[in-house]
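Here is what each chain is made of, one letter per residue.
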Amino acid sequence: MTFTYRYRKQIMIALSILLLLGGGGIFLFTMTRAQPVEAKKVLKVAKKKEKEERVVTDITTYKIDIKGEVIKPGIYTLSSESRVMDAITKAGGLTENADTSVINLSKKITDEMVIIVYSYEEVKDFKKTQEEEKQVQEQCQNGGSYELQNDACIQPDSSMPESSSNKMISINTANQEELMTLPGIGEAKAISIIRYREENGAYQKIEDIMNVSGIGESLFAKIKENITT
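Since the model is a prediction, treat every value here as computed from it, not as a measurement. (Residues numbered from 1 in each chain as written. Predicted model: local features only at pLDDT ≥ 70, side-chain atom pairs only at ≥ 80, totals over all residues. Heavy atoms only, no water.)

### Quick look at the overall build of the protein chain
Looking only at helices and strands, the protein chain features eight helices and six strands. Mapped in sequence order, the helices and strands of the protein chain form the string α-α-β-β-α-β-β-α-α-β-α-α-α-β. Partitioning the intrachain contacts of the protein chain with sequence separation of at least 6 by distance along the chain shows that 49% fall at a separation of at least 24. Roughly 15,300 Å² of accessible area belongs to the protein chain as shown, and the carbon and sulfur atoms make up 54% of that amount. (Helix = DSSP H or I, 4+ residues; strand = E, 2+ residues; numbered from the N terminus. Contact = heavy atoms within 4.5 Å. Areas by Shrake-Rupley, 256 points an atom, 1.4 Å probe, with all protein chains shown as cover.)

### Describing unusual backbone geometry
For Glu 112, which is not a glycine, the phi torsion comes out positive at approximately 65°. Positionally, Glu 112 belongs in the loop between strand S3 (98-99) and strand S4 (113-119).

### Side note on the side chain of Glu 69
When you line up the elements, Glu 69 lands in the loop between strand S1 (61-68) and strand S2 (74-79). Polar contacts involving the side chain of Glu 69 include one to the side chain of Thr 95, which spans 2.6 Å. Excluding residues within four positions of it along the chain, Glu 69 makes contact with Gly 93, Leu 94, Thr 95, Asn 97, Ala 98, Val 117, Tyr 118 and Ser 119. (Polar contact = N/O pair within 3.5 Å; in protein donor to acceptor, adjacent residues only side chain to side chain.)

### Focus: the pattern of salt bridges
Summed over all chains, the structure comprises three salt bridges. Note that Asp 65 is salt-bridged to Lys 67, the shortest N-O span being 3.1 Å. Residue classification places Lys 67 among the partly exposed positions, given a relative accessible area of 23%. Between Lys 205 and Asp 208 there is a salt bridge whose closest N-O contact spans 3.1 Å. (Salt bridge = Lys/Arg side-chain N within 4 Å of Asp/Glu carboxyl O. Buried < 20%, exposed > 50% of the residue type's maximum accessible area, 1.4 Å probe, protein only.)

### Here we look at the packing of aromatic side chains
Under the defined criterion, the tally for this structure stands at one aromatic pair. An angle of 20° between the planes, with centres 5.4 Å apart, marks the rings of Tyr 196 and Tyr 203 as stacked. (Phe/Tyr/Trp six-rings, centres within 6.5 Å; stacked < 30°, edge-to-face > 60°.)

### Here we look at the confidence of the model for the protein chain
Mean pLDDT for the protein chain: 76, with 64% of residues reaching 70 or above. Considering only residues more than four positions removed or in separate chains, one finds that residues 157-165, a stretch of pLDDT under 50, has 18 contacts. (pLDDT = per-residue confidence, 0-100.)

### Observations concerning the pairing of S2
Bridging between S1 and S2 involves six bridges; their strand directions are antiparallel. The residue of S2 that forms the bridge with Asp 65 is Ile 75. Counting the residues that bridge the hairpin from S1 to S2 gives five residues. (Pairing = 2+ DSSP bridges.)

This is how it looks when you write it as structure tokens:
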């Protein structure tokens, strides 16, 4: 009877114990190595989240109240870096009756700011006075029929569009900038007015301006008191 055969039971038990001890050691070694890696991942995620929260906290937001000729008047929250034009965009944009000639679209917003976008008729009412620019300022800032201070008004020291009632605009000689001081005449319509007279000759009467694409009777009614040939 050989030694191996005689003590095979003891040998089997000893090998099993060695295998168990070896497996346990490997498991402990693996866990010891894995824990620092996992801890680093958790720490990295936590730092990233903290950084994102800090960035969000650093962005100051203001609440503004926008009224008048915008699609969706109401109270909106915007970044402190926003301008009056951004507030108008947030409110769905301007209506067809909006006249922005008396407000500063590039002005930065402030917290609790009230922005009122007037209609052409309201702005026209502002101008029924000899001291036109002063009256426009007072009416705009006092909110007109809203009885609120309009924080979006162009300030007295800002460049106001030249009063169109104090200076008649010649549709035959006015340049683009001069034509754009007329109510309802933007860049595109001013260019069209100039192009029409270049292609068809001088306007014979002010009513001829209605031959220009985009200028109908309603717009003509708004500018006829301010134009001449």
